[in-house]
Structure formats: structure tokens, C-alpha cells
Amino acid sequence: MDHQIDRLVNKTWSKFCSTADDARLMIAISGIPGSGKTGLATMMAARINKIYASENPTTPTPIAIALPMDGYHLTRAQLATMPDPDHAAARRGAAFTFDGEKFLELVRALREPITVRTRSLYAPSFDHAIKDPVDGDIPIPPSCRVLFFEGNYLSLDRKPWSTAAKLMDELWFVDVDFEIARKRLVIRHVKAGIAKDEDEADKRARENDLVNGREIVDHRLPVQEVVSSIFDPVWEKS
């Protein structure tokens, strides 16, 4: 286990223990495409749930969850209504192809105090088979009090992302070399069917993903943690 992961787990657990009973601990994990945000968020939620279950064996209900931003992609139908729909489709994944206001609405709702009347909230997911978001697909019950949001633009110094960032307890950024990210993205795009072969995947990575990555790096808000990227399989086994 990498020492940085141990430290982040211990830090998060300590912060949760000092969080008011009617509040949530909300951490936003950002980074360029291919940096490993999803793996880190998923692993962190699993580790916090494991600690909680060990200390509360009679009530092992999970208290942590990883919430991806993929569900906030604009639909293909919405992209088709833009002034240049071909450009919008080619640049899908850029900040302007996400519904940031919808994401901000969820963050504000999750910031409301938890009471006996609090009901589950729902986040959208992304269905890669239909290549569109699915509304209300990820339940967030009141018992989930440690939230790891993960997405490219969660520390972007652009509204509405910067407004949502101010509502987080901490911002983390996963740092990765662009060339490493490119290689990961080529594999990912072919595996997911986004590209038919490695050449097409490499073109998409260079002309879209890493272009977005440059904006993410150049316009990043100050963050509390910069996490050195390691391969997702390491995080998943942690």
C-alpha cells in the first residue's frame, strides 16, 4: 500500500469523526482524463466503509460513496442542438459539454443538514452502451455521510464548477504525466468501444482528452491535496 493512500484514508477518517452528526464530509477529486480519479474515489470509499464496519459491527451500513461526474454529460440530443453540433460531438468531454448547473444543484442539496425527514437524493450515471446519462440512477441515502465526488472539472476555476468547489470540505487533484495518461486513454477508448482501434483512440486522446487536460491543469483552483497518480489496479487491490 502506497503511504500516500494510507495517509489520505487516515486523514479522511479523522475528519469524518469530527464532522457534525447532521452534516456530510464532501471531498472532490479532480484530474486530467486518465489520471486515475475513479480508481482513487472508489478505493477511498471502500476503505472508509471498511473502517466504519469494523468499528460498528452491529450497524455496518456503508457510509461512504464514490460519485462520478460522468452522469452530468449533456445528452447526444442536447449536443445536437448546439450551434456547431459536429464540433460539440467531437469535443464531448470538454467542460462546455457538461451540465455544471445540474451538478451544482445536487451539491447544494447534499449540503443541507441531515434530519429525520431527509430522504435519499439521486445522482445520474452514464450508460456506455447507449452513450448517454441515466437520471436518478445512483441513490445517496441519508446514511451516506462521506462523499467522494470525482470528475475532470471539480477544481476548475470556472463557474459553476468553482461555485460547487467552494461547497466542498476538500479538493484533491490527481497528478499524472500527460504521456502516461495518453497511453491509458488509448487502452480505455478501445476497450470501451469509443474508438475502433488504437490509432483512432490515440487521435481522440490527443485532440480532445489532453486538450481538456491542459485546461484542467492551467485553470486549477488551489487544492488541499495533490495525489501522485499510480495505476488503478494498485488502488483497486488496496
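Predicted model only: the values in this text are computed from it and were never measured.

1. Quick look at the packing of helix α7 (residues 178-192) against helix α8 (residues 198-218)
Helix-helix packing is characterised by the crossing angle of the two axes and by the distance between the axes.
Here comes step 1: Where α7 contacts α8, the axes come no closer than 9 Å and their chain directions differ by 130 degrees. With respect to their mutual orientation, α7 and α8 come out oblique. Crossing angle aside, the handedness with which α7 passes α8 is right-handed. Along its contact with α7, which presents Phe178, Ala181, Arg182, Leu185, Val186, His189 and Val190, the element α8 presents Glu198, Ala201, Asp202, Arg204, Ala205, Arg206, Asp209, Leu210, Gly213, Arg214 and Val217.
Here comes step 2: Grouping the amino acids of the contact of α7 with α8 by side-chain chemistry returns 9 nonpolar, 2 polar and 7 charged.

2. Points about unusual backbone geometry
Here comes step 1: Pro160 follows Lys159 through a cis peptide bond whose omega is 5 degrees.
Here comes step 2: Relative to the helices and strands, Pro160 resides in the loop between β5 (146-150) and α6 (161-166).
Here comes step 3: For Lys131, which is not glycine, the phi torsion reads 60 degrees and is therefore positive.
Here comes step 4: When you line up the elements, Lys131 lands in the loop between β3 (121-127) and β4 (132-140).

3. Concerning the packing of aromatic side chains
Here comes step 1: As enumerated under the stated definition, the model contains 8 aromatic pairs in all.
Here comes step 2: Residues Phe103 and Phe149 carry aromatic rings whose centres are separated by 5.8 Å and whose planes lie at 85 degrees to one another, so their mutual orientation is edge-to-face. Taken together, the positions of Phe103 in helix α5 (residues 100-110) and Phe149 in strand β5 put the pair 46 residues apart, joining distant regions of the chain.
Here comes step 3: Three or more aromatic residues link up through ring pairs in this structure, and these residues are Tyr72, Phe98, Phe103, Phe149, Tyr153 and Trp161.
Here comes step 4: Stacked on the ring of Phe178, the Lys or Arg Arg214 has its end atom at 4.6 Å from the ring centre.
Here comes step 5: Geometry around Phe173 places Arg220 over its ring, the cationic atom sitting 4.9 Å from the centre.

4. Focus: the sheet that holds strand β2 (residues 64-68)
Within a sheet, each strand pairs with its neighbour through backbone hydrogen bonds, oriented either parallel or antiparallel.
Here comes step 1: Strand order in the open sheet formed by 5 strands is β2-β5-β1-β6-β7, and the pairing between neighbours is parallel. Single-partner strands in this sheet number two, and they are β2 and β7 (225-228). In this sheet, adjacent strand axes meet at a mean angle of 25 degrees when their direction is disregarded.
Here comes step 2: Where strand β1 (residues 25-31) and β5 come together, 5 bridges link them in parallel fashion. Its bridge partner lying in β5, Leu25 is registered against Val146.
Here comes step 3: Against the sheet, helix α1 (residues 3-17) engages β1, β5, β6 (170-175) and β7, with an angle of about 145 degrees to β7.

5. With respect to the side chain of Gln4
Here comes step 1: By the secondary structure assignment, Gln4 is in helix α1.
Here comes step 2: Classification of Gln4 by relative accessible area gives buried; the value is 10%.
Here comes step 3: Only 2.8 Å separates the side chain of Gln4 from the backbone oxygen of Ser228, close enough to count as a polar contact.
Here comes step 4: Discounting chain neighbours no more than four positions away, the residues touching Gln4 are Val227, Ser228 and Ile230.

6. As for the UniProt feature "domain: Phosphoribulokinase/uridine kinase" (unreviewed entry) in the protein
Here comes step 1: Here, UniProt's "domain: Phosphoribulokinase/uridine kinase" (unreviewed entry) annotation points to residues 26-189.
Here comes step 2: Secondary structure over residues 26-189 splits into 36% helix and 23% strand, and the C-alpha atoms at its two ends are 30 Å apart.

Criteria and thresholds
Residues numbered from 1 in each chain as written. Predicted model: local features only at pLDDT ≥ 70, side-chain atom pairs only at ≥ 80, totals over all residues. Heavy atoms only, no water. Axes fitted to C-alpha atoms, helices over the stretch in contact; angles between N-to-C directions. Helix = DSSP H or I, 4+ residues; strand = E, 2+ residues; numbered from the N terminus. Parallel < 35°, antiparallel > 145°, perpendicular 65-115°, else oblique. Left-handed = near helix turned anticlockwise from the far one by under 90°. Contact = heavy atoms within 4.5 Å. Nonpolar A, V, L, I, M, F, W, Y, C, P; charged D, E, K, R; others polar. Phe/Tyr/Trp six-rings, centres within 6.5 Å; stacked < 30°, edge-to-face > 60°. Lys NZ or Arg CZ within 6 Å of the ring centre and 35° of its normal. Pairing = 2+ DSSP bridges. Buried < 20%, exposed > 50% of the residue type's maximum accessible area, 1.4 Å probe, protein only. Polar contact = N/O pair within 3.5 Å; in protein donor to acceptor, adjacent residues only side chain to side chain. UniProt positions renumbered as here; feature names shortened; annotations may be inferred.

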